[in-house]
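Architecture at a glance
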Amino acid sequence: MLRQPLQGQGSQCRSCDGEGPRGWRSAARGPRPGDPDAGSGTVHGMTIAGALCFLLIALLLVAQAGILTHRAAKAADLSALAAADVARGLSPGIPCDVAARVAEENGAQLGECSVVAPENTSVDVTATIELPQPLPGLGPATGVSRAGPPAGEP
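First, a word on what this report is: a plain description of the structure on this page.

1. Overview of the state of the cysteines
Inspection of the entire model under this criterion finds 1 disulfide. Two residues share a disulfide in this structure: Cys96 and Cys113, whose sulfurs sit 2.1 Å from each other. Between Cys96 and Cys113 the sulfur-sulfur dihedral comes to about -85°; the bridge is accordingly left-handed. With Cys96 in helix α3 (residues 95-105) and Cys113 in strand β1 (residues 109-116), this pair connects stretches of sequence that are 17 residues apart. Overall, Cys96 belongs to the partly exposed group, its relative accessible area being 24%. You can call Cys113 partly exposed: its relative accessible area is 23%.

2. Points about the nonpolar core
Formed by Ala65, Leu68, Ala72, Ala75, Ala76, Ala108, Ala127, Ile129, Leu131, Leu135 and Ala141, the largest nonpolar core amounts to 11 residues. Put simply, the parts of the chain that give this core at least two residues each are α2 (40-87) and β2 (122-129). Per-element tally for this core: the top contributor is α2, with 5 residues. Once residues within four sequence positions are removed from consideration, Ala72 is found in contact with Ala127, Ile129, Ala141, Thr142 and Gly143. Among the nonpolar cores identified, the runner-up in size contains 7 residues, and Ala83, Ala84, Val123 and Val125 belong to it.

3. Digging into α3
Helical periodicity: at 3.6 residues per turn, an α-helix aligns residues three or four positions apart in one direction. Residues of α3 that are buried include every one of Pro95, Val98, Ala99, Val102 and Ala103, and no others. The arc that holds the buried residues of α3, viewed along the axis, is 135°, so those residues lie on one side. Away from its buried face, by an angle of more than 90 degrees, α3 presents the exposed residues Glu104 and Glu105. Looking at the buried side of α3, the elements it contacts are α2, β1 and β2. Positive backbone phi, approximately 80°, marks Gly107, located one or two places after α3.

Definitions and cut-offs
- Residues numbered from 1 in each chain as written.
- Predicted model: local features only at pLDDT ≥ 70, side-chain atom pairs only at ≥ 80, totals over all residues.
- Heavy atoms only, no water.
- Disulfide = S-S within 2.5 Å.
- Helix = DSSP H or I, 4+ residues; strand = E, 2+ residues; numbered from the N terminus.
- Buried < 20%, exposed > 50% of the residue type's maximum accessible area, 1.4 Å probe, protein only.
- Core = buried A, V, L, I, M, F, W, Y, C linked by side-chain atoms within 4.5 Å.
- Contact = heavy atoms within 4.5 Å.
- Arc of directions from axis to C-beta.

And the structure:
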């Protein structure tokens, strides 16, 4: 069944300008001059993109600080183990000198080193790694460790 236009109205309605209801034609071709919302979607999109970029950079910097803290802890552990071997007489040298050398080989600096009394076979070590820019305001990444003989051994 074919539809016929209504009698007296022709093929277009009175509120149409030939391409749809009034207002659709101008909206399809862009914003009207003087429209206060013209381009606001772009501004909002750029603001959201900028905020997401800022958050991503902040997340990456925090992750980098965490990685360097783990490296400092690893250097402290290895330094304390090497120094404890020297303190027990299993390796030659001076415990804190050996700890400093092992920390440097692992990319850290020896912060503190002390042989624990009364047996003088355990060693406390603190290793540090300086954080890169722009993180130095947080202080250095630090690792602390104690090593000594196994339980039951002098």
